[in-house]
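This is what each chain is made of:
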Amino acid sequence: YLSKLEEEGGNDIPKKRQRLNLHCSPFFKEKSLSSITTFDIERYKKFRLGKNATSGTINRELAVISHLFTKAMEWRWIDHKPAIIKRLKENPGRIIYLTTQQIKKLIESAKEDQNPHVYPFIVIGLETSMRHMEILSIRLKNIDLEKRAIFIPQAKAGAREQPITKSLVKFLNAYLEIAKPDQEWLFPSQKLGKGHIDYIEEPFRRVVIRAGLDPKQVVPHTLRHTAITHLVQAGVDLPTVKRISGHKTLIMVERYSHQNGQHIQAAMDKLEEKYRVI
């Protein structure tokens, strides 16, 4: 499955590999793909809940299984989906984002870390709202400093251009100037010899702890939440935020608007100013 996805240029393969190898494959290892039943899927959900996995985590794992079924039919490995997969209900919860003071501490901490990738990873995440793997898989040829954009060929919602700030243009230019002639990736993997790194959780956690933040709440995806939240709080209209963040629909963007009300209160204060003559 993973090999054929790589041949096709599939999306998010490192995460799919991680979910399959750590959880899905060990649980279903005694079964062929076509013999997995709806009952087995329900057993899997119960098993993972018993391991204290969140509904969101389990749903991401179920999504991999569902995608495997779909591709298996497309590749004619099976002639029908063997099981019905019902996702667990997720509690949207509170969006965790960093304040400007916390951002400053995190960046200073990242500068001190021995890992050369974690600092630029954090800066790009905060300056763009790009997803974790979108950042790690940036190709140098896809960085257009004049256009102030990064081309993402395999984004979650399809290929797109990511706008970048003027400060990030200067930041990335410094990395491009020292890049090796044959360097393909912004975050090249030293161990693999070619390709990009696909794991940064450990150094990120180390940086978070050094900055005095909670590593259970501040994870790589928090950078995306932070950038989007600050865009909304700055009064940027939601369609524009959607364009910058790469969301498929406005529904997820509206969640940031609903849960972060400082800018809404500021808007009501402006309305009050208009009516002060009454």
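Since the structure is predicted, the reported quantities are computational estimates derived from the model, not experimental observations. (Residues numbered from 1 in each chain as written. Predicted model: local features only at pLDDT ≥ 70, side-chain atom pairs only at ≥ 80, totals over all residues. Heavy atoms only, no water.)

Spatially, β1-β2-β3 is the arrangement adopted by the three strands of the open sheet, whose pairing is antiparallel. One side of each edge strand has no neighbouring strand; the edge strands of this open sheet are β1 (143–144) and β3 (160–163). Bridge count between β1 and strand β2 (residues 149–152): two bridges; the pairing is antiparallel. Within β2, the position partnered with Ile 143 by the bridge is Ile 150. (Pairing = 2+ DSSP bridges. Helix = DSSP H or I, 4+ residues; strand = E, 2+ residues; numbered from the N terminus.)

On to the pairing of β3. Judged by which residues are buried, β3 turns out to be one-sided: Arg 160 and Gln 162 face inward and are buried, whereas Glu 161 and Pro 163, on the alternate face, are not. Summarising the sheet, β2 and β3 pair through four bridges and their orientation is antiparallel. Bridge pairing in β3 links Ile 150 to Gln 162. (Buried < 20%, exposed > 50% of the residue type's maximum accessible area, 1.4 Å probe, protein only.)

At a minimum axis separation of 8 Å, helix α5 (residues 100–112) and helix α9 (residues 201–210) run at an interaxial angle of 125°. By the angle between their axes, α5 is oblique relative to α9. In this structure, α5 crosses over α9, and the sense of that crossing is right-handed. Residue-level inspection shows Leu 106, Ser 109, Ala 110 and Glu 112 of α5 in contact with α9, the latter providing Val 207, Val 208 and Arg 210. Residues that form the contact of α5 with α9 fall into these classes: four nonpolar, one polar and two charged. (Axes fitted to C-alpha atoms, helices over the stretch in contact; angles between N-to-C directions. Parallel < 35°, antiparallel > 145°, perpendicular 65-115°, else oblique. Left-handed = near helix turned anticlockwise from the far one by under 90°. Contact = heavy atoms within 4.5 Å. Nonpolar A, V, L, I, M, F, W, Y, C, P; charged D, E, K, R; others polar.)

This brings us to α5. Helix length check: α5, at 13 residues, gives a terminal C-alpha distance of 19 Å against a target of 18 Å (1.5 Å per residue), a fit within 8%. If you check which residues of α5 are buried, you get Ile 103, Leu 106, Ser 109 and Ala 110. Down the axis of α5, the buried side of the element spans an arc of 130°, and every buried residue falls inside it. Of the exposed residues in α5, the ones pointing more than 90 degrees away from its buried face are Thr 100, Lys 104 and Glu 112. Lining the buried residues of α5 we find α6 (118–128), α9 and α10 (220–233). (Expected span 1.5 Å × (residues − 1). Arc of directions from axis to C-beta.)

The next point concerns the confidence of the model for the protein. Considering every residue of the protein, the mean pLDDT works out to 89; 93% of them sit at 70 or more. Looking at the elements of the protein, mean pLDDT is at its lowest for helix α13 (residues 262–275), recorded as 69, and at its highest for α6, recorded as 97. (pLDDT = per-residue confidence, 0-100.)

What follows concerns unusual backbone geometry. Of note in the backbone geometry, Arg 76 takes a positive phi value of approximately 65° without being a glycine. By the element assignment, Arg 76 lies in the loop between α4 (55–74) and α5. On the basis of relative accessible area, Arg 76 is assigned to the exposed category, the value being 77%. Phi angles above zero are rare outside glycine, and Arg 148 is one such case at about 55°. Within the element layout of this structure, Arg 148 appears in the loop between β1 and β2.

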